[in-house]
Amino acid sequence: MKRKSRRQIVNKTGKGVEFFPCLAMTALLLITFVGFASVYSRGSEALAAAKPDEKRNISLIDREDDNTEVEDYEPSQFEAYGKILTADGEVIYGPANAEGGKTYTNLIGKIGIADVHTVAYAYREELYNSYSLINGLGHPAPELSLTINGNLQKTMTEYLEACNVDGTVLCSDVHTGEILCAVSTPAAASMEDYSREGGLMNKNFYTTVPGSTMKIVTTLLLEMEGISTEELVFGCGKTTALPDGNRITCEKDHGSAVTIEAALGDSCNCFFAQAIQLLDWDTVAADLCRLGFAVNAPEEVHRQTGKLVYRSSETAISGRNDFNSIFGLIGQGETLVSPLHMVQLTSAIAGAGEAVDPFLVQGDRGMEPLQLWEADREAFRRCREIWEKAFAEYYQPGIVYPEALVAAKTGTAQIGGLAQKKLLSGYTADVAFYIVIHNYITADGIKLSVTPVEIAEKMLEDVIQVDACGDLARDSGQL
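All values reported here derive from a predicted model rather than from experimental measurement.

**As for the sheet that holds strand S4 (residues 167-173)**
Taken together, 5 strands build an open sheet; the order of strands is S5-S4-S14-S13-S12 and the sheet is antiparallel. Looking at which strands have only one partner, the edges of the open sheet turn out to be strand S5 (179-185) and strand S12 (407-414). Strand-to-strand twist across the sheet, computed as the mean angle between neighbouring axes with direction ignored, equals 10°. As paired elements, S4 and S5 share 6 bridges and run antiparallel to each other. Bridging across to S5, Ser 172 finds its partner in Ile 179. Running at roughly 140° to strand S14 (residues 431-441), helix H11 (residues 339-350) makes contact with S4, S5, strand S13 (420-427) and S14 of the sheet.

**Some points on unusual backbone geometry**
In this structure, the amide linkage connecting Thr 185 to the following residue, Pro 186, adopts the cis form with an omega of 5°. With respect to the secondary-structure elements, Pro 186 resides in the loop between S5 and helix H6 (214-224). In the Ramachandran plot, Asn 296 falls in the positive-phi region, its phi being about 55° despite a non-glycine side chain. Counting through the fold element by element, Asn 296 comes out in the loop between strand S8 (294-295) and strand S9 (302-305).

**Focus on the pairing of S14**
Taking burial as the measure, the 11 residues of S14 include 11 buried ones, the bulk of the element. Bridge count between S4 and S14: 7 bridges; the pairing is antiparallel. The residue of S14 that forms the bridge with Asp 173 is Val 431. By the bridge criterion, 7 bridges tie S13 to S14 in an arrangement that is antiparallel. Bridged to Gly 426 within S14 is Phe 433.

**A look at the side chain of Thr 335**
Checked against the element boundaries, Thr 335 lands in the loop between helix H10 (323-330) and H11. Overall, the relative accessible area of 0% leaves Thr 335 in the buried class. Engagement of the side chain of Thr 335 in a polar contact is seen with the backbone oxygen of Gly 328, the distance being 2.7 Å. Sequence-distant contacts of Thr 335, defined by excluding residues within four places in its chain, comprise Thr 208, Val 209, Pro 210, Met 214, Glu 314, Thr 315, Gly 328 and Leu 329.

**Points about the pattern of salt bridges**
Inspection of the entire model under this criterion finds 17 salt bridges. Across the pair Glu 230 and Arg 382 runs a salt bridge whose closest N-O atoms are separated by 3.5 Å. Of the two residues, Glu 230 is situated in the loop between H6 and strand S6 (239-241) and Arg 382 in helix H12 (residues 376-394); the sequence distance between them amounts to 152 residues. Glu 230 sits in the exposed class, given a relative accessible area of 53%. A salt bridge links Glu 378 to Arg 381; its shortest N-O distance comes to 2.6 Å. With Glu 378 and Arg 381 both in helix H12 and 3 residues apart, this pair spans about one turn of that helix. For Arg 381, a relative accessible area of 30% corresponds to the partly exposed category. Through salt bridges that share partners, Glu 223, Glu 230, Glu 378, Arg 381, Arg 382 and Glu 385 make up one connected network.

**Considerations on the packing of H11 against H12**
Orientation of H11 relative to H12, taken along the N-to-C sense of each, is 95°, at an axis distance of 8 Å. What the angle tells us is that H11 and H12 run roughly perpendicular. Contact residues: H11 offers Thr 346, Ala 348, Ile 349 and Ala 350, while H12 offers Phe 380, Cys 383, Arg 384 and Trp 387. Along the lines of polarity and charge, the residues of the contact of H11 with H12 split into 6 nonpolar, 1 polar and 1 charged.

**Here we look at the pairing of S13**
With 7 of its 8 residues buried, S13 lies for the most part within the structure. Note: S12 against S13, 8 bridges, orientation antiparallel. Residue pairing across strands places Gln 414 opposite Gln 420, the latter belonging to S13. Counted along the chain from S12 to the antiparallel partner S13, the turn is 5 residues long, and its residue Gly 416 has a positive phi close to 110°.

**Things to note about the confidence of the model for the protein**
In the predicted model, the protein carries a mean pLDDT of 79, and the fraction of residues at 70 or more is 74%. The weakest mean pLDDT in the protein belongs to strand S16 (residues 472-474) at 35; the strongest belongs to H6 at 98. Note that residues 1-78 has pLDDT below 50 and, in this model, 92 contacts with residues that lie over four places away or in other chains.

**Quick word on the side chain of His 341**
Within the secondary structure, His 341 is located in helix H11. Of the residues examined, His 341 reaches a relative accessible area of 2% and is grouped as buried. Among the polar contacts made by the side chain of His 341, one reaches the main-chain carbonyl oxygen of Leu 291 at a distance of 2.7 Å. The contacts of His 341, once residues within four sequence positions are left out, are Leu 291, Gly 292, Phe 293, Ser 313, Met 367 and Leu 370.

Parameters at a glance
- Residues numbered from 1 in each chain as written.
- Predicted model: local features only at pLDDT ≥ 70, side-chain atom pairs only at ≥ 80, totals over all residues.
- Heavy atoms only, no water.
- Pairing = 2+ DSSP bridges.
- Helix = DSSP H or I, 4+ residues; strand = E, 2+ residues; numbered from the N terminus.
- Axes fitted to C-alpha atoms, helices over the stretch in contact; angles between N-to-C directions.
- Contact = heavy atoms within 4.5 Å.
- Buried < 20%, exposed > 50% of the residue type's maximum accessible area, 1.4 Å probe, protein only.
- Polar contact = N/O pair within 3.5 Å; in protein donor to acceptor, adjacent residues only side chain to side chain.
- Salt bridge = Lys/Arg side-chain N within 4 Å of Asp/Glu carboxyl O.
- Parallel < 35°, antiparallel > 145°, perpendicular 65-115°, else oblique.
- Nonpolar A, V, L, I, M, F, W, Y, C, P; charged D, E, K, R; others polar.
- pLDDT = per-residue confidence, 0-100.

In structure tokens form, the structure reads like this:
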């Protein structure tokens, strides 16, 4: 990103400096030096406050329940000087608008406030009104243009809030990688509003249990290892035994001859438990790492899109066909995924291995790329083929899906007692998305009236309109 050039010092008089008597000159120099030292000291203190130690522990999330613990540090003496804009030119952060409103609170954040996984924290060096020895406090400020579509971000924030959803919606352009919305609710009304738990954090940049959306990744692993998935047929019977004596179960019997498309479409745990046992665990570990997962990491791993830091997807495997390893690849147990990372993987599958890495700030680099080999392209193509067939032929009859959807996969994660999360991963011809409802069923057994599919439909209404010729019309000319 190019910084705007600093203003030049102009000698308006063009005159030379007159000489003073020696004594007067000495006194003038002494006064100037003391004044300069004082200003420089204040500027240095502000810069020190503006740039917290880069090696600090930036982990703010509890692994099990996704709650954030606020970490305090001294804010700068100077307020933000740079501006942050949406893709459609709306100023959402800057001297005249220091917080961006409820729509952007937990995405933009605020310099000196709590959550490190925000744009203001990530780009604090650019946004601080830091002292310049040449130009003082008045040098031209940078402008960060986000890829976020303001209308879409606002619409989805208001929709999730109206439905009392504790959740996230992340959507990106599969052709360009632009992140079109990164909604997280509940959203705090301001950066000083601590009344809404989690309201100052954007959960798209943390991790969650993926449920059966992980089966997309497991299907890809089977293809990457060269297993002939078109020949795989397993029985269900609602339960299957594992080598360690444990069992994997299904909510219903999917039959005695389940194919991979049927297993993916109707979410058969027993099929995947048996298919996973065909994998070589050393290869699985290597392939997961190439796909952007942290495997058996002793502590949290963080990655970046541009300068924005997000939690890495992660899992733990033992290297044998035990319950924990298999359960993790089905989408439970020790596996956690980042919505941002799942959108990256979904985009790569939609593009048959032609990965476009999502990014949030115009002109900055995107996510850390997947480490793909040429041979992986066929695996991605096959995974896309399986996913699209599973969605078209086997997916939950009776549920009306948005017409624009090419493929989608729901997931359910049990989070203790009666509580459940509900998730949805999918793509259209133009966008990939990942939706999470953390409070789909509460611990008291209360179920929300909205589903991830309905949220996807609302999102796609605002993102795309398909005309009679099948051409794609982009909302407000911005998408």
